[in-house]
Number of protein chains: 2
Amino acid sequence: MSQKNSDNKHEVGINNKKMVGKQSIAFENPPYIIAAASIAGKKEGEGPLGNLFDQVVEDSMFGQDNWEAAESELMKMTAQRALMKAELKNTDIRYLVGGDLLGQLIATSFGIAELNIPLFGVYGACSTMGEAMSLGAILVDGAYAKKVIAITSSHFAGAEKQFRFPLDYGNQRPYSASWTVTGSGAVILSDQKSQKKKEGEPDIVITGVTTGKIVDYGIKDSMNMGAAMAPAAFETIKQNFEDFNIKPDYYDKIITGDLGYVGKDILIDLLNEKNYDISKRHMDCGIEIYDQETQDTHAGGSGCGCSAITFCSYVLKQLKEGIWKRVLFVPTGALLSQVSFNEGNTVPGIAHGVMVEAR
Amino acid sequence: MSQKNSDNKHEVGINNKKMVGKQSIAFENPPYIIAAASIAGKKEGEGPLGNLFDQVVEDSMFGQDNWEAAESELMKMTAQRALMKAELKNTDIRYLVGGDLLGQLIATSFGIAELNIPLFGVYGACSTMGEAMSLGAILVDGAYAKKVIAITSSHFAGAEKQFRFPLDYGNQRPYSASWTVTGSGAVILSDQKSQKKKEGEPDIVITGVTTGKIVDYGIKDSMNMGAAMAPAAFETIKQNFEDFNIKPDYYDKIITGDLGYVGKDILIDLLNEKNYDISKRHMDCGIEIYDQETQDTHAGGSGCGCSAITFCSYVLKQLKEGIWKRVLFVPTGALLSQVSFNEGNTVPGIAHGVMVEAR
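Bear in mind the structure is a predicted one, so any value in this text is a computation, not a measurement.

Trainee: I'm lost on the interface of chain B and chain A in this one. Help?
Mentor: It is common to report an interface's size as the accessible area lost on association of the parts. With 62 residues of chain B in contact, the opposing surface of chain A contributes 61 residues. With both sides pooled, the region where chain B packs onto chain A buries about 4,900 Å², and carbon together with sulfur makes up 62% of that total. Among the residues chain B hides against chain A, the three largest losses belong to B:M19, B:Q104 and B:Y144. Together they make up 17% of the total. Applying the counting criterion to the chain B and chain A interface returns two salt bridges. With a closest N to O distance of 3.3 Å, B:E343 and A:K161 form a salt bridge.

Trainee: Mind showing me how you'd approach helix α7 (residues 225-244) of chain A here?
Mentor: Side chains that are three or four residues apart share a direction in an α-helix, a result of its 3.6 residues per turn. All names here are of chain A. Taking 1.5 Å per residue, 20 residues should reach 28 Å; α7 reaches 29 Å between its end C-alpha atoms and fits that length. Burial analysis of α7 places 18 of its 20 residues in the buried class, which makes it a mostly covered element. N245 sits one or two positions beyond α7 and adopts a positive phi of about 55°.

Trainee: Hey, could you run me through the domain arrangement of chain A in this one?
Mentor: All names here are of chain A. Assigned domains within chain A: domain 1 (2-27 + 202-358) and domain 2 (32-190). The straight-line distance from the C-alpha centre of domain 1 to that of domain 2 is 18 Å. Domain 1 puts 56 residues into the contact, and the matching count from domain 2 is 54 residues. Taken together, the links from domain 1 to domain 2 amount to zero salt bridges. There are 12 residue pairs in polar contact (both at pLDDT 80 or more) connecting domain 1 and domain 2. Among the secondary structure elements, those contributing two or more residues to the side of domain 1 that touches domain 2 are β10 (204-210), β13 (301-302), α11 (304-320), β15 (332-334), β16 (349-351) and β17 (353-358). Considering every element that reaches the side of domain 1 that touches domain 2, the biggest residue donor is α11, with 13 residues.

Rules behind the numbers
Residues numbered from 1 in each chain as written. Chains lettered and ligands numbered in written order. Predicted model: local features only at pLDDT ≥ 70, side-chain atom pairs only at ≥ 80, totals over all residues. Heavy atoms only, no water. Contact = heavy atoms within 4.5 Å. Buried area = accessible area lost by both parts, 1.4 Å probe. Salt bridge = Lys/Arg side-chain N within 4 Å of Asp/Glu carboxyl O. Helix = DSSP H or I, 4+ residues; strand = E, 2+ residues; numbered from the N terminus. Expected span 1.5 Å × (residues − 1). Buried < 20%, exposed > 50% of the residue type's maximum accessible area, 1.4 Å probe, protein only. Domains from an automatic or database assignment. Polar contact = N/O pair within 3.5 Å; in protein donor to acceptor, adjacent residues only side chain to side chain.

Structure (C-alpha cells):
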C-alpha cells in the first residue's frame, strides 16, 4: 500500500501554501513527533492494545482520593513519561496544549500545574487530541515554539459521574453506549528530528490538519454518541479530501476517534453517498481498544483518552514500522454536557483531522 | 503618556524574532483588530460602561427557555454583530477561537454552531478571552488564516448555577465575592488593515502575547476569586516585563481581567515586591464594569465576558481615540469547577497577556 501511495502526486505542503482549500493547513515545516506516551487503566490493559501502552495502572484511583484527582494524576504521569522518553525537561517545552472531558478541564488544570509549562487549555470533547495536536503543530510549524506537548485524558468513572450516572447507581447501559477509556496520551512535537530513533526508523511528521466545524444532525441520545459524532467525522474527512484534492487511497489508514460500531457504519455510508469508499482503510480507535466479545463494552471505547492512547501506542507503532506510510487521524467529539442533555438539547459533534506521515 | 512612551527603545517585534524570552511571542505581522462587538445584560448596561456597549439586552433570558440557551444566544448575537460591523460574512472567517465558563463549553457549542466556522474551543476560565485572542493572533500572524474571530461569553445566572448556588436559593454573597458579568465580546483579527476606519483613526494591532502558566497559591475560597487570580496575573505581567526587557511605563495601561478590589491590591503588592510599580497605570475590568457604590456587586465583576466586553468597548475606544497608545491586556482565570471546589481543592489561577497597540 505504501508503494502504491508513493506515486501519489498530491504531496502535501510542497508548494509552501499554508492555507489549503476551505478548512485545511499544509505545514511548511512539518513538526516531528519525537516522542509519545500512553498510560491506560486496567480494562484497557486487558484489551487488544494492552501490550502496546507504556504503562497499565491496575489501581483505578491512581493512588488518589477521588476520580477527578485520579485522572489528574494519570495525566501528570503521562506528560512526565513523554518527557522522559524524549529525554527532555519540562523547561524544554514551550507550550502544553491539552484538555479533558471534566467540567472546566480540572483533570488538566490540576494534572499539569506542577509541570509549570505555559498552557493553552482546549476543549473539543473526545476530539480534543485532534485539536491539541493541530494547535501544537501550528505553534511548531510557525516557529512559535521549538517543542510542544499535546495531551488529553479521560477516566471511565469520572466521565460516568460527569455525564451519565455515578457508578454506584448501577444503571443499565444500552448496547449503543460506549465505554469511556481510562487513559492519557501525549505527544511531543518538535521542529527537529528525534535524536533517538532506531536504525532505519522513519521520521514521523504532521503534514497538515483539517479543522472541524460543529455538525448537528439532531441526535439527542447521550447513550448513542457514535451516531452524534459520525456526521462530524464525515464532514471533516470529506473536506480533507476536497481541500487537498485527494482520494481515500492517499492514506493507508483513516482513523476515527471513537465512533464505535454504530458510528462507523454511519460514517462509511455517508461517505459512500459522496462516492468516497473508505471501508477498506478505515479504523476506529473506539473499536480497536476493547474486545467487544469478552469485555462487555457495547458500542466501543470513547473519551479524550481513547484516540489519544490508541494513536500514541498502536498508530505510531504501525507508522514507525513502515506498515503504514500516511494516515488521517480524526478524533471525534460529542459536544454535550449533563446540563445540555437534561435540558433536552441535541448532541452536536465535531471532528479534527490530523495528517500524519512516516518519511 | 503616549509621547513619553514613543521614545521607548523596546519596539516589540522589530527584530522579527517570534519567540521572546521564556513565555512570549512578538508577532512579525501583527494582526489587526478590524472590528469588535460587545453585548451586555441589563445590570452591565446600567454600569459605568453602559453607553459603550453595542447593545444592552434587558431580557436576561435573551428570549430563550433556560440560562444556558440564553448565553448561547448572547454569544451568537455578538459574533453576528462583529461580522456585521466588519461587513464580513461567516464564510470570510477561517477560524473561530472561543469559549465560555459552562461545563463542556456548551454556551459556545450551541451558540456558534450555525455560524458554520471551523472551531478551536478553548478554556481558561475568565482568562479565556486572552487565550482566544492569543491563538487567534498566532493563526493570523503565521498566515494560517486571513481572518479569525476570538469570542467569549458569560452569564450571571448560568455561572451562579454552575459554580455556586442557583439563584432561587437566595444565598448570601460575601463581600469578597465577584459578580459574573452577563456579556459577550468578540474581536475580528485580520492580516489586513480595516477598510472602514474613521479619518485619523489609528490601526489597532496585537504586537505580542505572554502565555500564562497555572499558578496555585493555595486559595480555597470560590467566593474570593480575586485572591486566587492575582498571583497568576502577577506572574504573567512580570514575565512580560522580563521577556521584552521593558518596565511598566512601556504601557499606558496594564489591564487585568477581573481581579476586583481584593485581587487588585494583591497584584500591586506582589509586583511592588519585585520593584515594579504599576499602581498608576493599572486598571481592572472587574472594577470598571460596575459602580460598587450603587450596584451591590461587592468585589467587582468577573466571568469570561467581563474582560471581553470591557476590552471590546472601553479599551478599544481609548486606543482608537489615541488616549492610550499601548496596553497590556491580561484576562485572569480561576481554574475551579463545582466538583473540584466541593472536593476541597484549591483554586489555581492562570492569566494570558495580550499586547495591543494603536499605531
